[in-house]
Amino acid sequence: MTSPVPASPRRSLRDRRGRGMRGPAIAPSLPGRPELPTPGERFDQLVLDTVRDIDTRWQERLGLVEYAVEDTPQLPDDWSGETVPLASLVRGHGTTPTRLVVFRRPIEHRCENRADLEAMVLTVLVEQIAELLGIDPEDVDPRYSRED
């Protein structure tokens, strides 16, 4: 009589193909809500921090400005530009506030790491605010440099 072949230890169903356990590294405290901020939320916070620094310095000259972040610009079908805009500035008049919109995806695609992203967001915001105020970007924020 032959002896039965010992069964090989079975891998967990969650460790198929030997890539390790799958699932979140941190269990969320609220079900359905990620514990860590999403890339979009991190970008929003970066823009908010940068705007807060600039806006406090120039609030009296800027007046009422609405800041916003959108994923991508809405380009018309007949768009003929070679590059996608990184921001949009619509001047307000009367009681309508000026609106400055930063486009997340085009900015992220131009950056390789977090430091590049921070520099690009600063550059975009400083250049838009400089245009709004009619001054040189170097005067808006001392961290701005033309090489960025």
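Refer to the structure above for everything that follows.
Keep in mind that what you see is a predicted model, and the values were worked out from it rather than measured.

Caption draft 1: Examining the packing of helix 1 (residues 39-62) against helix 3 (residues 114-133) more closely. Contact geometry of helix 1 with helix 3 gives a least axis separation of 10 Å together with a crossing angle of 30°. Compared by their axis directions, helix 1 and helix 3 come out roughly parallel. Between helix 1 and helix 3 lies a crossing whose hand is right-handed. When helix 1 is examined against helix 3, the residues R42, F43, L46, V47, T50, V51, I54, W58, R61 and L62 are found in contact with a partner set consisting of R114, L117, E118, V121, L122, L125, V126, I129, L132 and L133. For the contact of helix 1 with helix 3, the class distribution of residues is 15 nonpolar, one polar and four charged.

Caption draft 2: Representation of helix 3 in the model. Between its first and last C-alpha atoms helix 3 spans 28 Å; for 20 residues at 1.5 Å apiece the expected length is 28 Å, and the two agree. Taken as a whole, helix 3 has its buried residues at L117, V121, L122, T123, V124, L125, V126, Q128, I129, A130, L132 and L133. Each element contacted by the buried residues of helix 3 is listed here: helix 1, strand 1 (65-70), strand 2 (87-90), strand 3 (98-103), helix 2 (104-109) and helix 4 (137-140). One side-chain oxygen at the N-terminal end of helix 3 lies 3.2 Å from the backbone nitrogen of A115; it belongs to N113. Phi turns positive one or two residues past the end of helix 3, at G134, with a value near 75°.

Caption draft 3: Region of the structure containing the sheet that holds strand 1. Strand order in the open sheet made by the three strands is 1-3-2, with mixed pairing throughout. The sheet terminates laterally at strand 1 and strand 2, the two strands that pair on one side only. The sheet shows a mean angle of 15° between the axes of neighbouring strands, direction not considered. Here strand 2 pairs with strand 3 via four bridges, running antiparallel.

Caption draft 4: Broad picture of the pattern of salt bridges. Taken as a whole and judged by the stated rule, the model has 10 salt bridges. Among the ionic pairs, R143 bridges to D53, the shortest N-O distance being 3.7 Å. You can see R143 sitting in the segment after helix 4 and its partner D53 sitting in helix 1, a full 90 residues away along the chain. The partly exposed category is assigned to R143, whose relative accessible area is 43%. Measuring nitrogen to oxygen at the nearest pair gives 2.9 Å for the salt bridge that ties D141 to R143. A relative accessible area of 0% places D141 in the buried class. What you see here is one network of salt bridges that share partners, running through D53, R57, D141 and R143.

Caption draft 5: Inspection of helix 1 at higher detail. With 24 residues, helix 1 extends just 29 Å between its outermost C-alpha atoms, more than 12% less than the 34 Å of an ideal straight helix rising 1.5 Å per residue. Along helix 1, the sharpest change in direction is near 55° and occurs at T56. When we look at burial in helix 1, the residues that qualify are G40, F43, L46, V47, T50, V51, I54, D55, W58 and L62. Where the residues of helix 1 are buried, they touch strand 1, strand 3, helix 2, helix 3 and helix 4. Count one or two residues on from helix 1 and you reach G63, which has phi positive near 75°.

Calculation criteria
Residues numbered from 1 in each chain as written. Predicted model: local features only at pLDDT ≥ 70, side-chain atom pairs only at ≥ 80, totals over all residues. Heavy atoms only, no water. Axes fitted to C-alpha atoms, helices over the stretch in contact; angles between N-to-C directions. Helix = DSSP H or I, 4+ residues; strand = E, 2+ residues; numbered from the N terminus. Parallel < 35°, antiparallel > 145°, perpendicular 65-115°, else oblique. Left-handed = near helix turned anticlockwise from the far one by under 90°. Contact = heavy atoms within 4.5 Å. Nonpolar A, V, L, I, M, F, W, Y, C, P; charged D, E, K, R; others polar. Expected span 1.5 Å × (residues − 1). Buried < 20%, exposed > 50% of the residue type's maximum accessible area, 1.4 Å probe, protein only. Polar contact = N/O pair within 3.5 Å; in protein donor to acceptor, adjacent residues only side chain to side chain. Pairing = 2+ DSSP bridges. Salt bridge = Lys/Arg side-chain N within 4 Å of Asp/Glu carboxyl O. Bend = angle between axes of the 7 residues up to and from the residue.

Purely geometric stuff here, so don't read any function into it on its own.
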